[in-house]
Amino acid sequence: MSSLAQRVETLHKLLHQYNYEYHVKDNPSVPDSEYDKLLHELIDIETKHPELKTSDSPTVRVGGEAQSSFEKVNHDTPMLSLSNAFNEADLRKFDQRIRDAVGEVEYMCELKIDGLAVSLKYVDGKLVQGLTRGDGTTGEDITENLKTIYAIPLTLSKNISFEVRGEAYMPRQSFLKLNEAKVARDEQPFANPRNAAAGSLRQLDSKLAAARKLDIFLYSINDFTELDASTQSEALDELDALGFKTNHEREKVRSIDEVLEYIEKWTKQRDQLPYDIDGIVIKVNHLEHQEEMGFTQKSPRWAIAYKFPAEEVITELLDIELSIGRTGVVTPTAILEPVRVAGTTVSRASLHNEDLIHEKDIRIGDSVVIKKAGDIIPEVVRVILDRRPEDAETYHMPTHCPSCDHELVRIEGEVALRCINPKCQAQLVEGLIHFVSRQAMNIDGLGTKIIEQLYTHELIKDVADIFYLTKDDLLPLERMGDKKAQKLMDAIETSKERSLENLLFGLGIRHLGVKASQVLAEKYETMDRLLTVTEDELVEIYDVGEKLAQSLVTYLENEDIRALIEKLKSKGVNMTFKGQKLSQIEGHPEFAGKTIVLTGKLQQMTRTEASNWLKLQGAKVTSSVTKSTDLVIAGEDAGSKLTKAESLGTMIWTEQDFIDKQNEINK
């Protein structure tokens, strides 16, 4: 190694060490001037000798070249959201459900940071990718922007491969400085630190992201196969040891009463923190219990987020506006005198339906109390009756659709009024907007305003017409230049390759959600096969009930729908399931259906490689040893998991036993 390369290596080690001390440990060992001197020396060397610059160089934190867009990437495992609790009763119900399932438990209480959820992937100890949460299934690759956050290690202290997740946020001090600068430039300031953090991480120029001084707390590990942790508490300690920044205000408790004490403490002290929190996260501590509880489609059963009580303010209700959804439901919305609530200006709030309006006796001109449900969605809480104008009249919903003037109906068992005119313009436009949405065909750039223009100009009447558009059709639209039109045409072309479940969901079939679309696409594989299914056949499928079965068959038997599908086919829209059918993996008899735990350090492969191979053989790989564990594969320095396996009499293999079995199967 040349002397210059050796100097670069030395600078890397020193700068990473000093950065960790300052941004993670909050205990710098050298003054800022020394850090700056070494950083500028490294920048100078890399400028003159670019071949010496690596992806984990400390200089990447100052920002690199601007990107043209963010690539969309599927998460290895979904980034699920947490179910919410808003009061003591919700928390006690959660606690009872946990104890009914697993018995006595410990909980880990953690502050719920108000920022942007992100995922960091490391391979052999080096950061290779950072994603936003996105829709939970697909996120955006913002790796270069995340590298500008000094608390994120570019290289770990161990050469392990795994994924960690956390919350990127903007400290209050950074937020104040950013808004001061924006006001000085006559720019609109950010409404709150959360919006500022999200906006910063979506800057195409990472130099701008670097200037925003973001921070991060890591709180979960996606794959425990390379770590020897049996609890959430130990997992966070492992993250600390690896060089990550975790939030040390966490607390392990043994009862729901202690959870409530923790919540009471931070409800009072939240304003003393240098960052915003919007609640408390409560997790079952033992990973064994987490695995036993499992997940719903949207969230883990073993965790819940307590949300702080919403701020309430008073404003005037100026009007009630009606909108028509893609299924014909008429939704009333309160138009409000703009008012600040929980950090943002609110001018609209959903009134849900006519029954709610009458129940709360809401009238135009009333002074109303509003809040944000879950600190997100504005809602009208109540009317201040002693401020009611004398001429305020009881509100009545219309009898006819405000879009097409068709008579509105209320279907038995429903509270909503519905327009049942299949040619209603408002419903057709909403259906088009749904079709291009992220979880459906994901046509980036084809937003609400463009859809409305295309429909108004009679360029599209149904979803298939989208694929018949030309660049010349797009160019006359408002604010549509050549480059934007071409980008949109490219996005439309790319969407043709979406898998069958995305198309099914995009068609907007009543009662058919994301999960059921996935189930049906995986089972029937092609649209042609789906066109032949019967209600009796469908109701036998788990996750498909009678309502969905009837709705799907009725929809697909409609001749207009069959013509629409043929129209989509003729333009090359994919009609097949393109994902891996895990349910059809038969695996090897030695492993199929077995529950297996990997522990200790493997020499001939990573734990991730071993785990993936086992899953392809039909095994379930877990992180905790329980009575239901069939096999433990133990590498070097195997710890408590090996001890527990021995005490339970669980079968134990060495790494060599595992390698020998692999070789036998792979012959």
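Residues numbered from 1 in each chain as written. Predicted model: local features only at pLDDT ≥ 70, side-chain atom pairs only at ≥ 80, totals over all residues. Heavy atoms only, no water.

Under the annotation held in an unreviewed UniProt entry, the protein carries the name DNA ligase and is attributed to Staphylococcus intermedius NCTC 11048. What UniProt states about the protein under its Function (unreviewed entry) heading is, verbatim, "DNA ligase that catalyzes the formation of phosphodiester linkages between 5'-phosphoryl and 3'-hydroxyl groups in double-stranded DNA using NAD as a coenzyme and as the energy source for the reaction. It is essential for DNA replication and repair of damaged DNA." What the UniProt record of the protein gives under Catalytic activity (unreviewed entry) is the line "NAD(+) + (deoxyribonucleotide)n-3'-hydroxyl + 5'-phospho-(deoxyribonucleotide)m = (deoxyribonucleotide)n+m + AMP + beta-nicotinamide D-nucleotide." (UniProt positions renumbered as here; feature names shortened; annotations may be inferred.)

Caption draft 1: The overall build of the protein, seen in detail. In terms of helices and strands, the protein carries 24 helices and 22 strands. Computed over its C-alpha atoms, the radius of gyration of the protein comes to 28 Å, within 12% of the 26 Å expected for a compact globule of 667 residues. For the protein, the spread of C-alpha atoms along the three principal axes comes to 80 × 65 × 60 Å. Across the 667 residues of the protein, 49% fall into the buried class. Of the contacts formed within the protein by residues at least 6 apart in sequence, a portion of 67% connects residues at least 24 apart. Roughly 33,400 Å² of accessible area belongs to the protein as shown, and the carbon and sulfur atoms make up 48% of that amount. Of the side-chain charges in the protein, 83 are positive and 112 negative, and the distance between the mean point of each set is 2 Å. (Helix = DSSP H or I, 4+ residues; strand = E, 2+ residues; numbered from the N terminus. Rg over C-alpha atoms; globule rule 2.2 N^0.38 Å. Buried < 20%, exposed > 50% of the residue type's maximum accessible area, 1.4 Å probe, protein only. Contact = heavy atoms within 4.5 Å. Areas by Shrake-Rupley, 256 points an atom, 1.4 Å probe, with all protein chains shown as cover. Lys, Arg positive; Asp, Glu negative; His and termini not counted. Charge placed at Lys NZ, Arg CZ, Asp CG, Glu CD.)

Caption draft 2: Just a negative patch on the surface, in detail. A grouping of Glu535, Asp536, Glu540, Glu546 and Glu557 is seen on the molecular surface, where their side chains present a negatively charged patch. By secondary structure assignment, the location of glutamate 546 is in helix H20 (residues 546–557). Assessed through its relative accessible area of 66%, glutamate 546 is described here as exposed. (Patch = residues over 30% accessible without salt bridge, like charges linked within 9 Å, V, L, I, M, F, W, Y side chains within 5 Å. Salt bridge = Lys/Arg side-chain N within 4 Å of Asp/Glu carboxyl O.)

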